[in-house]
Amino acid sequence: MEILKVIEIMGNSKTSFEDAIKNVVKEASKTVKNIKSVTVKHMQVTVDNNQVNEYRVTTKVSFTIIKE
């Protein structure tokens, strides 16, 4: 039996949504171990002068806290 915990993390990138998600995993893995999945809850871009300026994602990161 596994018990998972889910936390909400926001990430961003100047390049793409995919890069923003990778940034979430990269930064979360510095303190969170045993990451199992990342669910993208919300996607957003900021616009400056009619150009996409930044990609933002709100994610739910799940990780194992007990594994029996």
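Our structure is the block above this text.
Let me sum up the structure you'll find in this document. Since this is a predicted model, take the numbers as computed values, not measurements. Numbers given to residues run from 1 along each chain, matching the order in which its sequence is written. Owing to the predicted nature of the model, reporting of local features is limited to residues with pLDDT of at least 70; listing and counting of side-chain atom pairs is limited to 80 or more, with chain, interface and lining totals taken over all residues. Only heavy atoms go into the side-chain values, all of them from the structure, while hydrogens and water stay out.

**Side note on the overall build of the chain**
- Think of it this way: any DSSP run of H or I at least four residues long counts as a helix, any run of E at least two long counts as a strand, and we number them from the N terminus. Helix and strand counts for the chain stand at one helix and three strands.
- Radius of gyration means the value over C-alpha atoms here, while the globule rule gives 2.2 Å times the residue count to the 0.38 power. On C-alpha atoms alone, the chain measures out to a radius of gyration of 14 Å, which is more than a quarter above the 11 Å that the 2.2 N^0.38 rule sets for 68 residues.
- Seen through its C-alpha atoms, the chain measures out along the principal axes to roughly 55 × 20 × 15 Å.
- The contacts in the chain between residues at least 6 apart in sequence include a share of 62% that link residues at least 24 apart.
- Only the protein chains shown count as cover for residues, with accessible areas throughout obtained via the Shrake-Rupley method and a probe of 1.4 Å. Roughly 5,000 Å² of accessible area belongs to the chain as shown, and the carbon and sulfur atoms make up 50% of that amount. Only heavy atoms enter the contact rule, under which two residues are in contact if any of them lie within 4.5 Å.

**A closer look at the side chain of Glu54**
- Here Glu54 is to be found in strand E3 (residues 51–67).
- Identification of polar contacts relies on pairs of N or O atoms within 3.5 Å, with a donor-acceptor requirement for protein atoms, meaning one able to donate a hydrogen and the other able to accept it, and with residues adjacent in sequence counted only if both atoms are side-chain atoms. One polar contact links Glu54 to Asn12, side chain to side chain, over a distance of 2.5 Å.
- Other than its neighbours up to four places away in sequence, Glu54 contacts Asn12, Ser13, Gln44, Val45 and Thr46.

**A short note on the pairing of strand E2 (residues 35–48)**
- For two strands to be treated as a pair, DSSP must find at least two bridges joining them. Sheet topology note: the E2/E3 ladder contains twelve bridges and is antiparallel. Residue Ile35 lies in a different strand from E3, and its bridge partner there is Phe63.
- Between the end of E2 and the start of E3, which pair antiparallel, lie two residues, with Asn49 showing a positive phi angle near 55 degrees.

**Observations regarding the packing of aromatic side chains**
- In this scheme Phe, Tyr and Trp rings, the latter by its six-membered ring, pair at centre separations within 6.5 Å, and the angle between planes marks the pair as stacked below 30 degrees, edge-to-face above 60, and tilted otherwise. A complete count under the given rule lists one aromatic pair for this structure.
- Note on Phe17 and Tyr55: the rings are 5.1 Å apart at their centroids and 80 degrees apart in plane angle, and the pair reads as edge-to-face. With Phe17 in helix H1 (residues 17–28) and Tyr55 in strand E3, this pair connects stretches of sequence that are 38 residues apart.
- For each residue, the accessible area found with a 1.4 Å probe, counting protein chains only, is set against the maximum for its type, and the residue is called buried under 20%, exposed over 50%, and partly exposed in between. Taking relative accessible area as the criterion, Phe17 reaches 24% and is therefore assigned partly exposed.

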